[in-house]
Structures are given as structure tokens and as C-alpha cells.
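# Notes for the structure review
Listed below, chain by chain, are the residues.
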Amino acid sequence: MPVPLIERANRFLSRRAIVAPEGTLTYRELVEQSQRVATNLLHDTNDLNDARIIFLVPAGRDYIVSQWGIWQAGATAVPLSLTETTREITYKVEDTSPAALIAHPDYMETLLPLAEEKGIPLHRTTDLLKGDLGPLPEIDPSRNAMILYTSGTTSDPKGVVTTHSNIESQITTLVQAWEWAPDDHILDHLPLHHVHGIINAMACALWVGATCELLPRFDAQNVWNRIADLDLTLYMAVPTVYKALIAAWDEASQADQERWTAGCKAMRLMVSGSDALPVDTFERWEKVSGHRLLERYGMTEIGMALSNPLDGDRIPGQVGTPLPGVDVELIRLDLKKFEETGRRQYGGKVTNRDPGELIVKGPSVFKEYWMKPDMTADVFDTKGWFYTGDIASVTDEGTYRIWGRASQDLIISGGENVSALEVQRELLKHPDIDACAVVGVEDRFWGRAVSAAIVTVKNSKLDRNSLREWAKERLAPYKVPQNVLILDDLPRNAMGKVLKPQIRTLFDGIES
Ligand code: AMP
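Since the model is a prediction, treat every value here as computed from it, not as a measurement. (Residues numbered from 1 in each chain as written. Predicted model: local features only at pLDDT ≥ 70, side-chain atom pairs only at ≥ 80, totals over all residues. Heavy atoms only, no water.)

### Digging into unusual backbone geometry
Generally, phi is negative for residues other than glycine and the peptide bonds are trans, each holding for most cases. Applied cut-off: Accessibility here uses a 1.4 Å probe with only protein chains present; expressed as a share of the type maximum, an area under 20% marks a residue as buried, one over 50% as exposed, and anything in between as partly exposed. Note on conventions: DSSP H or I runs of at least 4 residues are helices, E runs of at least 2 residues are strands, and numbering of each starts at the N terminus.
For Ser-97, which is not glycine, the phi dihedral falls at a positive 40°. Residue classification places Ser-97 among the partly exposed residues on the basis of a relative accessible area of 49%. Located in the positive-phi region is Asn-459, a residue other than glycine, with phi close to 60°. Topologically, Asn-459 is positioned in the loop between β25 (447–456) and α15 (464–472).

So, in C-alpha cells, the structure goes:
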């Protein structure tokens, strides 16, 4: 059996699959080149039997050819982020014990010392494209396909193993919900070591015979100019990217603004995810682009689970309803006990509007954390429900609202439950606040004090007291930040997500 995604490519052979700065690839070229990569990786064996292959390749033709080549050789693809440090790469190499490493010519130097030290074969992408095609193994969809590392905002990165059939489900639910079609053309500059860029944007496009245009990195001017060409139909990004695009639009000439806005209006769908979309970004983007952003919720372990509708009202601050084939429930979690002991104690299903931990079940849910059976056992119950660690609630209309990670965004202050995401959303409405992160900081009086690290706009005079006065008009007293720190920047990971454990340490020793 061939890999489902690759098998489908045979239906679209003459269509354009990939557009990249170095050139395009038709589906025929993609299939042939990736088969050549697979043949070279197999060398004189029949099947790599799920061996891990780590690859460090920028977004472009070589990335997808390597990924499909690894799959067709029967191996598990482990993509690295281009910005990873030697320490982070070493961690992944030691964690996955790869049979081989692949690097784009520009990144050979990064992997060479490690390959030599560990005695692991290192291939240059260009070398794998040489030679004849050989026989390729049958790949059962239940076999391992990919290991993606969790962003590690709360703990050490864990390798999330998905099978080919998990990936197929993660793709098909989005193809159905967002009505992907062969004439779609998406611009994808999302990092390709993360589910957002790999599955939501690239794999969905390739599933239906559409075109995925890859940009190795985000640059607001480049993106706007591509949008202005009027030939894109879909765009996906994280909230910080939409913010950067709005900032560039604000600075642009009126003629550029009109061209850029026209490019947005020519598209059929613009999606935001991977982090909470601030309401003011949603509203500003609507003015700039004419689009009400479709916000969805998902994670590396499950692909996407909840989405605002393609047709129908998209509500800012909410992430919609379960996607096709994804079962979702909320389970009552004793948050107080969790905070005190770090141990989860669950009650029954939440049947009202209270917050609870979001649990997910379905064929798109991952198989396991790589070589971490205890951690895997911790997040699945006996009926196969995956406990996401995110707190959510459901509205009267049946749409979901994400409160944040139980471990870092749920703050019990003076006995009240506070969602850090809700406070952040409100604070971001302040005209002087450019970015903010809210955390709970240990406090003798409150238990946890709601604490905000903020980045202000240039020349702002905002201070703790004036911010608190402003916030009191908009938030219940227990949600108003007790502590306020003004920073030049917030620490973020490669996806642009704020690293809250680092933020929390900045409040050490601060008394409210
Ligand atoms: P990752 O596995 O890196 O994609 O991170 C997944 C986590 O990002 C989830 O568990 C959520 O905490 C968060 N997340 C993803 N999408 C959203 C969203 N639309 N709103 C709020 N949080 C989100």
C-alpha cells in the first residue's frame, strides 16, 4: 500500500504542486524525485521499517521531496526547525536515534559535526536526487509517519508520533470543513516543523491537487506583494503575523494599501490559529482585508479539533465547533487541587457553561510520545480520550472558548478562576499595549496574583496604576492585574508563542 497522500498525487500528475523561490514542481516531478530520494535512502535494503530520519531543509522543493522520500522508504520523518540551536538538535538526535540525517546544502555545516560525532550518515539533499529508481516498500497506513516536537512552552519537548492514517484524518477533516479544491493556491510561510505549516497548509493543498507556494521565511512586504498579485485563494498564519501585516499596511502608501486589500478580497479564506487571536487583531484585520478571520484550535497531538465555520458567523474570541470526525468533551477538573498539588483530579463531564479540560478522541489523535510510555499513559484514558491540558468552556450556542493551558493560563486568584487569555485579550484593547502575557504569580494574599508583562507602544507613559485604573472599567476586580511589568519584548518560541515559564520568573521577588 502506498502512503495515502502520495498515492493521491497520481491523480494530478501534470498539475503544479509546489511553487518555491528556487522553482516549481509538478505532482509528477514531486513523485519522481521523492521516489529517487527513497531509493537512495533504502540503498540496499527493502524497507527502513520506521527508522527515524531527521531532516534540516528550508521550506522549498527539497523539503517536500525529502519528506515524501523518507515516507516512501518506510521511515519516519523528523523535521528540524531552521532556527534550532546545537543543543536542541542534539536532544532530538539523541531522542530519536536516527538512521540518517538529511541537510540542504546550506545547512550541511550545522549537522556535520554531530553526524561525525555520533557516526550517523549525513546526506545532502541534492545527492539524494541522483541515480535510478528502485523498488519501494509497501507502507501500511498504521505505520509511523512523522515525529513533531511539541513547542516545549511548558516542559521539555516531547516527540509526537503520528501515523500515516492519523495524518490522513488530520488532512481530510480540514479538506471537508474548509472545502479545499484543486484550484486553491495557498501561500505557506509557516515553519515546516509544526503541524500548522505541514498539515493545515501544505498537506491539505497536496491532498486535493492544489498549489502550495512556500516561502522560507515571513517578510511582511513580500507577503503583501504576493497577496497583491491576486492569484492566492487561501492564507493561514498565527496572530503575531496578522499583527505584523496590519502594522506594515498602516505604514504603506494609499496605493499599496488599496492593492494589498484588493489581494485579500480576491481570496476565499484567511485562517488564524496556533495561539489565541486577540479581538482587536480580528477587528483590525477585517477593516484591512475585508475578511473575518476563521480562528481554529488544535495542537501537535491532535491536528485540528475545533473551527469556526467556513460559512456562517465567525465569533472573535471563540474557536467554533468540533471538526468532522473529531469527538470533543469537557471534563470537570479540580483546578484548586491541580494548582496545589500539580495532580489532576477529575470529576464528571461538564454539561453546563463551566470550564473544564478539553478531551479529544478520533482517528486524527496521535499514537504516542516517542519513547515516553509514562507520559503517553498520562494523557490517554482507558477509552482512548486524549487529555489536551487546555481548559475550555462552551457557550449556549455550542461554540467553544479556550481559557488556555491548565498548567499556565488558569489562575486561581482569591478563589476565583481567571483565564489568562481573557485578561490578555482585554489588555490588548488598550491603545498603548503592543503585546502582553498574563501569568499567575505566587502571592501570600491572593494565592496567585494575576500578573501582566506588557510591551508598550513607543513613547507610552503607561504605568501599573494607570493600567489598573483602565482595566477596572473592563474586568471584574479579581481579574485586574496586581503586578505589571513593562518589558522591551516578550520571550517567544519559533512559532511566535510567548514562553510563559520565562515570564513567570521575571516576577520573582515582586510584591503586589
Ligand atoms: P502546538 O502543539 O504547538 O500547536 O500548541 C498547541 C496549543 O496552542 C494548544 O494546546 C493551545 O493551548 C494553543 N492554541 C492553539 N490554537 C489556539 C487558539 N485558537 N486559541 C487559543 N489557544 C490555542
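There's plenty left to go through after this.
### Concerning the environment of Leu-487
Note the threshold: Two residues form a contact once any of their heavy atoms are found within 4.5 Å.
Mapped onto the fold, Leu-487 is located in the loop between β26 (483–486) and α16 (500–506). Looking at Leu-487, the relative accessible area reads 18%, which means it is buried. Considered as a pair, Leu-487 and Leu-174 are 313 residues apart in the sequence and their alpha carbons are 38 Å apart. Excluding residues that lie within four positions of it along the chain, Leu-487 makes contacts with Ala-453, Ile-454, Val-455 and Leu-506.

### Details of the nonpolar core
Cut-off, in case you're wondering: Among the buried residues, those of types Ala, Val, Leu, Ile, Met, Phe, Trp, Tyr and Cys that are joined through side-chain atoms within 4.5 Å form a nonpolar core. Boundary definitions for the domains trace back to an automatic or database domain assignment.
In terms of nonpolar packing, the biggest core is built from 120 residues, with Trp-68, Trp-71, Trp-180, Leu-206, Trp-224, Tyr-235 and Trp-285 touching the most fellow members. Looking at this core element by element, the count peaks at eleven residues for helix α7 (residues 195–208). Inspection of this core shows a minimum of three residues originating in each of domain 1 (4–10 + 17–139) and domain 2 (185–405). Apart from the residues within four sequence positions on either side, Trp-224 is in contact with Leu-245, Ala-248, Trp-249, Trp-260, Cys-264, Trp-285 and Val-288.

### A look at the sheet that holds strand β9 (residues 185–188)
As a reminder of what qualifies: One requirement defines pairing of two strands: DSSP has to find at least two bridges between them. Angles shown run from 0 to 180 degrees and are taken between the N-to-C directions of axes, each axis being a line fitted to C-alpha atoms and, for helices, limited to the stretch in contact.
One open sheet holds the nine strands; their spatial order is β2-β1-β10-β9-β11-β12-β13-β14-β15, and the pairing between them is mixed. Unpaired on one side and paired on the other, β2 (23–26) and β15 (321–322) mark the two borders of the sheet. Alignment of strand β13 (residues 294–299) against strand β14 (residues 303–307), held across four bridges, turns out to be antiparallel. Residue pairing across strands places Arg-296 opposite Ser-307, the latter belonging to β14. Across the sheet, helix α2 (residues 27–42) touches β1 (16–20) and β2, and the angle it forms with β2 is around 85°.

### Quick word on the domain arrangement of the chain
Defined as follows: Simply put, the buried area is the total loss of 1.4 Å probe accessible area from both parts when two parts are fitted together. One side-chain nitrogen of Lys or Arg within 4 Å of one carboxyl oxygen of Asp or Glu is enough to make a salt bridge. Nitrogen and oxygen atoms within 3.5 Å of one another constitute a polar contact, given that in protein one can donate a hydrogen and the other can accept it, and given that sequence-neighbouring residues count only through two side-chain atoms. Three categories are distinguished: nonpolar for Ala, Val, Leu, Ile, Met, Phe, Trp, Tyr, Cys and Pro, charged for Asp, Glu, Lys and Arg, and polar for the others, with Gly belonging to the last.
Taken as a whole, the chain is organised into domain 1 (4–10 + 17–139), domain 2 (185–405) and domain 3 (410–506). For domain 2 versus domain 3, the distance between C-alpha centres works out to 23 Å. Facing 25 residues of domain 2, the contacting portion of domain 3 comprises 17 residues. When domain 2 packs against domain 3, the two sides together hide about 1800 Å² of surface, and 62% of this comes from carbon and sulfur. Contact with domain 3 buries area across many residues of domain 2, yet Leu-335, Glu-339 and Trp-403 alone supply 29% of it, more than any other trio. A salt bridge links Lys-243 to Asp-434; the shortest N-O distance between them is 3.0 Å. Linking domain 2 with domain 3 are four residue pairs in polar contact (both at pLDDT 80 or more), by the criterion used here. Put simply, the parts of the chain that give the side of domain 2 that touches domain 3 at least two residues each are α9 (239–251), α11 (279–289), α12 (335–341) and β21 (400–405). For the side of domain 2 that touches domain 3, the leading source of residues is β21, giving five residues. Per-class residue counts for the side of domain 2 that touches domain 3 are eleven nonpolar, seven polar and seven charged.

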